[in-house]
Amino acid sequence: MATIGNLVDLLLFYRAERELFNRMVCVMGKSSQQVKKSIALWLMLEEIGYHDLIRIIYSHDNKTIEAFFNEALKCLECIKPNAAEPTLLDDATPAVFQGLLDDPMSSRFFYYNREFMYKRYIHIMETVCSKIFGEAAAIEVDESGMRPVVGPAGQLFGQGRSSSSGVAVASEINSTEPAGGSEAAIESNLLNPDASEFYPEDARTMFLTFSKGYPLTRQEIIHFFTSTWGEVVQDVFIEHPRPGEDPLFGCIVFTTPTVIAKVLNGQSKAKFLVNRKHLWARIYVNRHGNRGKRIR
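What counts and how
Residues numbered from 1 in each chain as written. Predicted model: local features only at pLDDT ≥ 70, side-chain atom pairs only at ≥ 80, totals over all residues. Heavy atoms only, no water. Axes fitted to C-alpha atoms, helices over the stretch in contact; angles between N-to-C directions. Helix = DSSP H or I, 4+ residues; strand = E, 2+ residues; numbered from the N terminus. Contact = heavy atoms within 4.5 Å. Nonpolar A, V, L, I, M, F, W, Y, C, P; charged D, E, K, R; others polar. Salt bridge = Lys/Arg side-chain N within 4 Å of Asp/Glu carboxyl O. Buried < 20%, exposed > 50% of the residue type's maximum accessible area, 1.4 Å probe, protein only. Pairing = 2+ DSSP bridges. pLDDT = per-residue confidence, 0-100. Core = buried A, V, L, I, M, F, W, Y, C linked by side-chain atoms within 4.5 Å.

The protein chain has the name Rho guanine nucleotide exchange factor in an unreviewed UniProt entry, where Melia azedarach is given as its organism.

### Structural notes on the packing of helix H5 (residues 62-79) against helix H8 (residues 114-132)
The packing of two helices is summarised by the inter-axis angle and the distance between the axes. At a minimum axis distance of 9 Å, the contact between H5 and H8 shows a crossing angle of 115°. In this structure, H5 uses Leu-76, Cys-78 and Ile-79 to contact H8, whose residues at the interface are Arg-114, Met-117, Tyr-118 and Tyr-121. Class assignment for the residues of the contact of H5 with H8 results in six nonpolar, no polar and one charged.

### Some thoughts on the pattern of salt bridges
For the coordinates displayed, the defined rule picks out ten salt bridges. Ionic pairing is found between Glu-46 and Arg-282, a salt bridge with its closest N-O pair at 3.0 Å. Residue Glu-46 is located in helix H3 (residues 32-47), and its partner Arg-282 is located in strand E9 (residues 277-283); the two are separated by 236 residues in the primary sequence. With a relative accessible area of 3%, Glu-46 lands in the buried category. On the basis of relative accessibility, which here comes to 11%, the residue Arg-282 falls in the buried class. For the salt bridge of Arg-120 with Glu-47, the shortest nitrogen-to-oxygen distance reads 2.8 Å.

### A word on the side chain of Ser-32
Mapped onto the elements of the fold, Ser-32 is located in helix H3. Relative accessible area serves as the criterion here: at 8%, Ser-32 is assigned to the buried category. Filtering out sequence-adjacent residues up to four positions away, Ser-32 remains in contact with Phe-21, Val-25, Gly-134 and Glu-135.

### Topic: the pairing of E9
As a general feature of sheets, a regular strand has side chains that alternate between the two faces. Of all the seven residues making up E9, five are buried; the element is thus mostly covered by neighbouring parts of the structure. Relative to E9, strand E5 (residues 205-210) runs antiparallel, the two sharing five bridges. Opposite Phe-207, over in E9, you have Arg-282 as the bridge partner. Here five bridges tie strand E8 (residues 270-274) to E9, and the two strands are oriented antiparallel to one another. In the sheet register, Leu-273 faces E9, and the bridge partner there is His-278. Between E8 and E9, which pair antiparallel in sequence order, lie two residues; one of them, Asn-275, sits at a positive phi of approximately 50°.

### Here's the deal with the confidence of the model for the protein chain
The predicted model of the protein chain has a mean per-residue pLDDT of 74, with 70% of residues at 70 or higher. Below a pLDDT of 50 lies the segment residues 151-200, which in the model reaches 90 contacts outside its immediate sequence neighbourhood of four places, other chains included. Note that pLDDT drops below 50 for residues 287-296; the model gives that stretch 26 contacts with residues more than four away or on any other chain.

### Overview of the nonpolar core
In terms of nonpolar packing, the biggest core is built from 69 residues, with Trp-42, Leu-45, Phe-97, Phe-110 and Phe-225 touching the most fellow members. The element best represented in this core is H5, accounting for nine residues. Not counting residues within four places of it along the chain, the set of residues in contact with Phe-225 comprises Leu-208, Gly-230, Val-232, Val-233, Ile-252, Phe-254, Val-263 and Leu-279. Counting residues in each nonpolar core, the second largest holds five residues, with Phe-207, Cys-251, Val-253 and Tyr-284 among its members.

Below, the structure is given as structure tokens:
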């Protein structure tokens, strides 16, 4: 199961997503389950190249966010395993996320890519959304930045005290306690029992994405990071795409987790220009411990 330290890292990394969730649920009055689904879809779109969606969506007014929310739920219907193919009438309607994306998509785009999209959507729901969002508010981090805390929904993770923000802090958590102590009590309430484990290597790994048509090689990535931060790269893995297609993503394993903080520099995502090609990096969350095939 995830350690408390890794859970806090996850919460800190997805701060913008948690703020958007609270705004949509607590201020706009949307269903927490539906908001989880919409944010998972947006995160999936970020993975495939539509970067900074969460930040862009949050920058809009509530009425516009509601329109994007409704469109996200419609798109989810198109990627379900039993989804019906959109009609020509559906395809004639205005593209979804008009005004949000530089290249808006049609419902058919989601339908014809539903197998890949649905798998990534479920993965994000299980490894991210089920852990950072509660029933009525996002899970928070206490003022010290060291412990997860109870949200306003009253989800109580063991006995706690109240912080200045009015939420209960899991004060009895101690990362040095053995399994079966208060850490286990918190996990049993907070984490999906069927969700992923966090592997030690994952704490040193970042997920990388490239612009479509402008992939980076393993050698280019290694050279960029070592020339910037020194001998910090343990390995790089790149997606092994189908013949005739370019890879869209990969991941990099550093020698120590501290490198990630330097790369992100206080941001949730980092964007670089490497040999005139864009490279985005964010913390890697892995469910099964499987990676893309390594380029030799």
